[in-house]
Amino acid sequence: MTAPHGFSVSRYAPERGTLARLAARDSVLRRLDWPILLSALALSGVGSLLVWSATRGRTELNQGDPYYFLFRHLLNTGIGLALMIGTIWLGHRTLRGAVPILYGLSIVLILAVLTPLGATINGAHAWIVIGGGFSLQPSEFVKITIILIMAMLLAAKVDAGDQLHPDHRTVAKALALAALPMGIVMLMPDLGSVMVMAVIVLGVLLASGASNRWVLGLIGAGVLGAVLVTALGMLDEYQINRFAAFANPDLDPAGVGYNTNQARIAIGSGGLLGAGLFKGSQTTGQFVPEQQTDFVFTVAGEELGFVGAGLILVLLGVILWRSCRIARETTELYGTIVAAGIIAWFAFQSFENIGMTLGIMPVAGLPLPFVSYGGSSMFAVWVAIGLLQSIRVQRPMTA
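Residues numbered from 1 in each chain as written. Predicted model: local features only at pLDDT ≥ 70, side-chain atom pairs only at ≥ 80, totals over all residues. Heavy atoms only, no water.

### Overview of a nonpolar patch on the surface
The condition is simple: Here, patches come from residues exposed beyond 30% relative accessible area and free of salt bridges, joined within 9 Å for like charges and within 5 Å for nonpolar side chains (Val, Leu, Ile, Met, Phe, Trp, Tyr). Values of accessible area rely on a 1.4 Å probe in the Shrake-Rupley scheme; residue burial ignores everything except the protein chains shown. One side-chain nitrogen of Lys or Arg within 4 Å of one carboxyl oxygen of Asp or Glu is enough to make a salt bridge. Only DSSP runs of H or I reaching four residues or more are called helices, and only runs of E reaching two or more are called strands; each is numbered from the N terminus. Burial classes: relative accessible area under 20% of the type maximum marks a residue as buried, over 50% as exposed, and values in between as partly exposed (1.4 Å probe, protein chains only).
Together, Leu75, Ile79, Leu83, Ile130 and Phe134 make up a nonpolar patch on the protein surface, roughly 430 Å² of accessible area in all. Considering each element in turn, the nonpolar patch owes the most residues, three residues, to helix α5 (residues 68–90). With respect to the helices and strands, Ile130 occurs in strand β2 (residues 124–131). Given the relative accessible area of 59%, Ile130 is considered exposed.

### Here we look at the packing of helix α15 (residues 333–358) against helix α16 (residues 375–393)
In a pair of packed helices, the angle between the axes and the distance between the axes together describe the arrangement. Short version of the rule: Where helices are involved, their axes are fitted lines through C-alpha atoms of the stretch in contact, as for all axes, and angles between N-to-C directions lie from 0 to 180°. The sense of a crossing depends on the near helix, which, turned anticlockwise from the far helix by less than a right angle, makes the crossing left-handed and, turned clockwise, makes it right-handed. Residue contacts are defined here by distance: any two heavy atoms, one from each residue, within 4.5 Å place the two residues in contact. Each residue gets one of three labels, nonpolar for Ala, Val, Leu, Ile, Met, Phe, Trp, Tyr, Cys and Pro, charged for Asp, Glu, Lys and Arg, and polar for the others, Gly among them.
At their nearest, the axes of α15 and α16 sit 10 Å apart, and the two run at 145 degrees to each other. Relative to α16, α15 is oriented so that their crossing is left-handed. Residue-level contacts link Gly335, Val338, Ala339, Ile342, Trp345 and Phe346 of α15 to Ala380, Val381, Ala384, Ile385, Leu387, Leu388 and Ile391 of α16. By residue class, the composition of the contact of α15 with α16 is 12 nonpolar, one polar and no charged.

### Considerations on the confidence of the model for the protein
Cut-off, in case you're wondering: Scored from 0 to 100, pLDDT reflects the predictor's confidence in each residue.
Of all residues in the protein, 84% have pLDDT values of 70 or greater, and the mean over the chain is 85. Within the model, the stretch residues 1–15 combines pLDDT values under 50 with six contacts to residues more than four positions away or in other chains.

### Thoughts on the side chain of Arg31
We apply this condition: Pairs of N or O atoms are called polar contacts if they sit within 3.5 Å, as long as, within protein, a hydrogen donor faces a hydrogen acceptor (for residues adjacent in sequence, only side-chain-to-side-chain pairs).
Position of Arg31 relative to the elements: it lies in helix α2 (residues 28–31). Among the polar contacts listed, one links the side chain of Arg31 to the backbone oxygen of Val393, at a separation of 2.9 Å.

### Comments concerning the side chain of Glu140
Along the chain, Glu140 falls in helix α7 (residues 138–159). Beyond its immediate stretch of four places on either side in the chain, Glu140 contacts Pro367, Ser376, Ser377 and Ala380.

### Regarding empty space enclosed by the protein
To find leftover empty space, one rolls a probe the size of a water molecule over the atoms. Note the cut-off: Think of a 1 Å grid over the protein atoms and nothing else: a 1.4 Å probe that fits but is trapped marks a cavity, an open set flanked by protein within 12 Å on at least five of seven lines marks a pocket, and residues with an atom within 4 Å of a point count as lining. Grid points are joined across faces, edges and corners, and a volume is the space filled by probe spheres set on the points.
Considering all chains together, one arrives at three cavities of 30 Å³ or more under this definition. Taken as a whole, the second largest cavity holds about 40 Å³ of empty space. If you trace the second largest cavity, you find it lined by Pro367, Leu368, Pro369, Phe370, Ser372, Ser377, Met378 and Val381. Here the lining of the second largest cavity is built from residues that sort into six nonpolar, two polar and no charged.

### A few points about the packing of aromatic side chains
The condition that has to hold: The pairing test for Phe, Tyr and Trp rings, Trp by its six-membered ring, is centres within 6.5 Å, and the orientation test on the planes gives stacked under 30 degrees, edge-to-face over 60, and tilted for anything in between.
Counted by the stated rule, this structure contains eight aromatic pairs. When the centroid spacing of 4.9 Å and the interplanar angle of 75 degrees are considered together, the rings of Phe69 and Tyr373 count as edge-to-face. Taken together, the residues Phe69 in helix α5 and Tyr373 in the loop between α15 and α16 connect sequence positions 304 residues apart. Here the two residues Phe69 and Tyr373 agree in accessibility, since each one is buried.

### Examining the nonpolar core
Basically, it comes down to this: What we call a nonpolar core is a set of buried Ala, Val, Leu, Ile, Met, Phe, Trp, Tyr and Cys residues that are connected through their side-chain atoms within 4.5 Å.
Within the largest apolar cluster, 94 residues are counted, with the highest numbers of intra-cluster contacts made by Met150 and Trp345. For this core, the element with the most residues is α7, which contributes 12 residues. Among residues more than four places away in sequence, those in contact with Trp345 are Lys143, Ile144, Ile147, Val196, Ile200, Ala380, Val381 and Ala384.

Printed below as a string of C-alpha cells:
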C-alpha cells in the first residue's frame, strides 16, 4: 500500500504512530507533572555537586578517590529514578492492593535493625549493613508505608460511597497501625524519623476529613509522649545534648553546640553569591561534621551564597506547590491522602534540615530531600515522586 506523495505506510506509519502516542493529550508523558520532576532532578543535580565538594578532600571517607561519593550519589539518583518509573508503571491504585504486604515487610525490616543485623551509624542504631559498602535504613521506607496503610483504611468507605468521612473506629485502626512502626523506630532510637512520621500522621488525618477531635488528641498525645520519653530516659545522651544545645547555643560551643555553630559560620560566610564551588574555607577545612549528609545545606550557603541556597528553597517550594495541586485535583480520597502525607513529609523534613543548620531547629539527623547523600533516603523520596506522578496520571481527563 502506498500513502499520498509516495511514502510507504508500512515503513513510516509505525514511527509516526509511536510519536503520535507520545504526543497525545492522554499520554503518560504529557500527563506527568514536569515541574515536580524537573525540580527534583535539579535538586539531585545540585546535591551531587555539593556532596562532591564536601567529600573530595576527605580521604578518611572516600578511600582515596575524590569521585567516590559523587559517583555513588549519581548512582543512588539513577536507582531512585528507576524506582519512580516502576511506581508510575504499577500505579498507586495497583499498589493499594499490595499495601498490607508492604506494611508487613517494613515491620520485618525495622525489627531486623534491633537484631544483630542492625548497625550503629552516626550515633543511631537504625541501619542494616548489606555489604560492599552499602547499608539500608528501613525507617525511610516506613514513612511511605505509613502513608499508604493509613490512606487505604481512611479512604476505603469514603471512596466506595458508603461514608462522607472516616468513622472513629477506622481512624483508631489507622492510628494503631501507624503507631506500631513508630514505636519500633523509637526503640532504636531514631528520634528524627519519628518526628517526621508524627507530622505525616497529622497531615494524613487533616486530609482525610477525620474529626478535629482526633487531630487535637494526636497533638496532645505527641506532647505527652515527648514528656514520657524524656522522663523514662528513652533518649540517648547525644540526643538530649542536641536539644540542650538548641535551647542554649552557648552551652558548649566546642562540644554539643559545635555542629550548629560551625554550620552557622559556614552559611554566614557565603554572603550573596558565595565563595565559589570547591572554594569554601569551612568546607575545604572540614570544620562542619557530616557535611555530605545532614549538613549539606551549609555547603550551598558557603559556596553558592544566598542565591544558591535560595534556589534550593525555590525548587523545594515548587515540588510542594505542585504536590498541593495534585492533592486538590484528584477525585479520590485515597489519592488526596497519599499526596497530603508526602507533602507533610517533604515540608517538615526540609524545614527541620535547613532549620538545624541555621540554629532555629534542634539537630535531628535528617537528610535534605534529594540533596543529601544517602541511598535509602534518595530511594524513598523518588518513590514518593512516583506516587505523586501516578496520582496525576491516573486522574480522569477533563474535557
